[in-house]
Amino acid sequence: MLNSTDVKARSLSDLPPVQSDSLIALIGLCAADPRPEKIDVGVGVFRDGAGNTPILKVIKEAEQRLVDGQESKSYLGSAGDKKFAELLRPIVLGEHAKDERIVGVQTPGGCGALRLGFELLALVNPNARVFVGAPTWPNHPPIIKAVGLTAVDYPYYERGQGAIRFEDMLATLRTGEPGDIALLHGCCHNPTGADLSDEQWREVAKVVGERGIIPFVDIAYQGFGRGLDEDAYGLRLMLETCDQVILAQSCDKNFSVYRDRVGSLWIKSASREASETALAHVFQIAREMWSMPPDHGAAAAHIVLDDPELKARWLVELAAMRDRINAVRQRIAAADPRLAFIGRQFGMFSMLPLSREQVLKLREDKAIYMAESGRFNIVGMGDAQIDRFIAAVMDAMNG
Ligand SMILES: Cc1ncc(COP(=O)(O)O)c(C=O)c1O
């Protein structure tokens, strides 16, 4: 009889529980803590001296113009806002902006660019290995796994020493084969804050070039470290050295539009034709995933970048965010020689020399929330909280 079967249909209730993202879980834990003095250095957003994440003045102004002037919300197509990508091009690519072999497209944030870039590479070569630094941003490995590529760790950072394991990194990259991929943080390394020096970038570019490895540069914090151009040194060097480069970029931090999901994907291949074919595949993949990127945040960034006066004011607001990050870094670094390395690092994150137990005790006793790895957001706290934070960390270190 066809209508009787022993095989029970699987249902949604058969799904196993999800291992939740620890950083997302931390946001929930902190939000639920009723202690008014709590400090949240877990979440990765910039906060100003007053402890807020304000909307940039130039974005507010651009949004007003958008509300007043936008006449239609009809579809833009898979490429999203093409002019946005055009305006972003010189900021990201610098002297390579004129290189016709480099094509770019708007994406839903840096995450969207990462997913799209890895989907493309999996299409090119499903057997490629992706070299990923240890440690890295926790969302990198699942994205690589989701597209079916194999991640291979390269040593990146020695926590106890506060130093990059550069020779070990190079030794692992030297085992790469043509077509393998190296995922590199463009600047402001998350979670360690330890950026390659210009000299180290040159050595990495040499090895990657010699081995025929495709560099995949993730740049989510351009302008938060040393400056817009300085932070792009490594990625531009890769563009200079290699025929094939993938670049995932985010505007969510440097325009402070996190939830609006603004980013871009850039592809360089050996010829303009090959890049255009790759881009056509990218559109097809995007169509299958989100069809088109969200418009609002990119439209606001577009208005800012297209108006010389607003653009100049954006650079000032960006510099103010960078200056705060670097000032708080220096203040924490000056507190104790064991924290001095923090003053030599860049971006919003560094890792404190604390064990998981010490991190949990800080949470329990002092209402200070950071990732179990000891990663903390340098500018997660307002100015008024910094002394208490430093004192609590020193207590924890002294044991
Ligand atoms: C290293 C790194 N890459 C990419 C991203 C993604 O940024 P977005 O919020 O634009 O998706 C982040 C965000 O935290 C990040 O830290």
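Residues numbered from 1 in each chain as written. Predicted model: local features only at pLDDT ≥ 70, side-chain atom pairs only at ≥ 80, totals over all residues. Heavy atoms only, no water.

J.: Lay out the site of the ligand with the relevant residues and their values.
T.: In the neighbourhood of the ligand, 13 residues make up the surrounding shell, with Asp-218, Tyr-221, Ser-250, Asp-252 and Arg-261 lying closest. Within the side chain of Asn-190, a nitrogen or oxygen atom sits 2.8 Å from an oxygen atom of the ligand. Asp-252 is positioned with one of its side-chain polar atoms (N or O) 2.5 Å from an oxygen atom of the ligand. Here the ligand loses 91% of its free accessible area of 400 Å² to cover by the protein chains. The site holding the ligand turns out to be the largest pocket. In terms of residue count, the dominant contributor to the shell around the ligand is helix α4 (residues 109–124) (four residues). Across the shell around the ligand, the residue classes tally to five nonpolar, four polar and four charged. (Near = heavy atom within 4 Å. Polar contact = N/O pair within 3.5 Å; in protein donor to acceptor, adjacent residues only side chain to side chain. Areas by Shrake-Rupley, 256 points an atom, 1.4 Å probe, with all protein chains shown as cover. 1 Å grid on protein atoms, 1.4 Å probe; cavity = no way out; pocket = protein on both sides within 12 Å on 5 of 7 lines; lining within 4 Å. Sits in = over half its atoms within 2 Å of the grid points. Helix = DSSP H or I, 4+ residues; strand = E, 2+ residues; numbered from the N terminus. Nonpolar A, V, L, I, M, F, W, Y, C, P; charged D, E, K, R; others polar.)

J.: Pulling in residues and values, what's your account of the pairing of strand β9 (residues 245–250)?
T.: Looking along a regular strand, one sees side chains alternate from face to face of the sheet. With six of its six residues buried, β9 lies for the most part within the structure. The alternating pattern of β9 places Val-245, Leu-247 and Gln-249 and Ile-246, Ala-248 and Ser-250 on opposite faces, both of which are buried. In terms of strand pairing, strand β8 (residues 214–219) meets β9 through four bridges, oriented parallel. When the bridges of β9 are listed, Val-217 appears paired with Leu-247. Two elements, β9 and strand β10 (residues 262–268), share six bridges in a ladder whose sense is antiparallel. Bridging from a neighbouring strand, Ser-250 pairs with Gly-263 of β10. (Buried < 20%, exposed > 50% of the residue type's maximum accessible area, 1.4 Å probe, protein only. Pairing = 2+ DSSP bridges.)

J.: Tell me about the packing of aromatic side chains, and name the residues and values.
T.: This structure, assessed with the given rule, holds seven aromatic pairs. Their ring planes at 20 degrees and their centres at 4.3 Å tell us that Phe-118 and Phe-216 sit as a pair that is stacked. Here Phe-216 lies in strand β8 and Phe-118 lies in helix α4, a separation of 98 residues in the sequence. Each of the two residues, Phe-118 as well as Phe-216, counts as buried. When the ring of Tyr-221 is compared with that of Phe-349, the centres are 6.1 Å apart and the planes differ by 85 degrees; the resulting orientation is edge-to-face. Highlighted residues: Tyr-221 in the loop between β8 and α8 (228–231) and Phe-349 in strand β11 (residues 349–351), separated in sequence by 128 residues. (Phe/Tyr/Trp six-rings, centres within 6.5 Å; stacked < 30°, edge-to-face > 60°.)

J.: Which residues make up the packing of helix α6 (residues 166–173) against helix α7 (residues 198–211), and what values go with them?
T.: Interaxial distance between α6 and α7 falls to 10 Å at its minimum, and their mutual angle equals 15 degrees. For the element pair α6 / α7, the angle class is roughly parallel. Both α6 and α7 take part in a crossing whose hand is right-handed. On α7, the residues that touch Phe-166, Met-169, Leu-170 and Leu-173 of α6 are Gln-200, Glu-203, Val-204, Val-207 and Arg-211. Its residues assigned to classes, the contact of α6 with α7 comprises six nonpolar, one polar and two charged. (Axes fitted to C-alpha atoms, helices over the stretch in contact; angles between N-to-C directions. Parallel < 35°, antiparallel > 145°, perpendicular 65-115°, else oblique. Left-handed = near helix turned anticlockwise from the far one by under 90°. Contact = heavy atoms within 4.5 Å.)

J.: Break down the layout of surface pockets for me, citing the residues and quoting the values.
T.: Estimates place the volume of the largest pocket at around 620 Å³. Along the walls of the largest pocket sit 30 residues, with Gly-44, Trp-137, Asn-190, Tyr-221 and Lys-253 positioned nearest its centre. Every element with two or more residues in the lining of the largest pocket is listed here: α1 (22–32) and α4. Among the residues forming the lining of the largest pocket, the class breakdown is 15 nonpolar, nine polar and six charged. (Points joined across faces, edges and corners; volume = space filled by probe spheres on them.)

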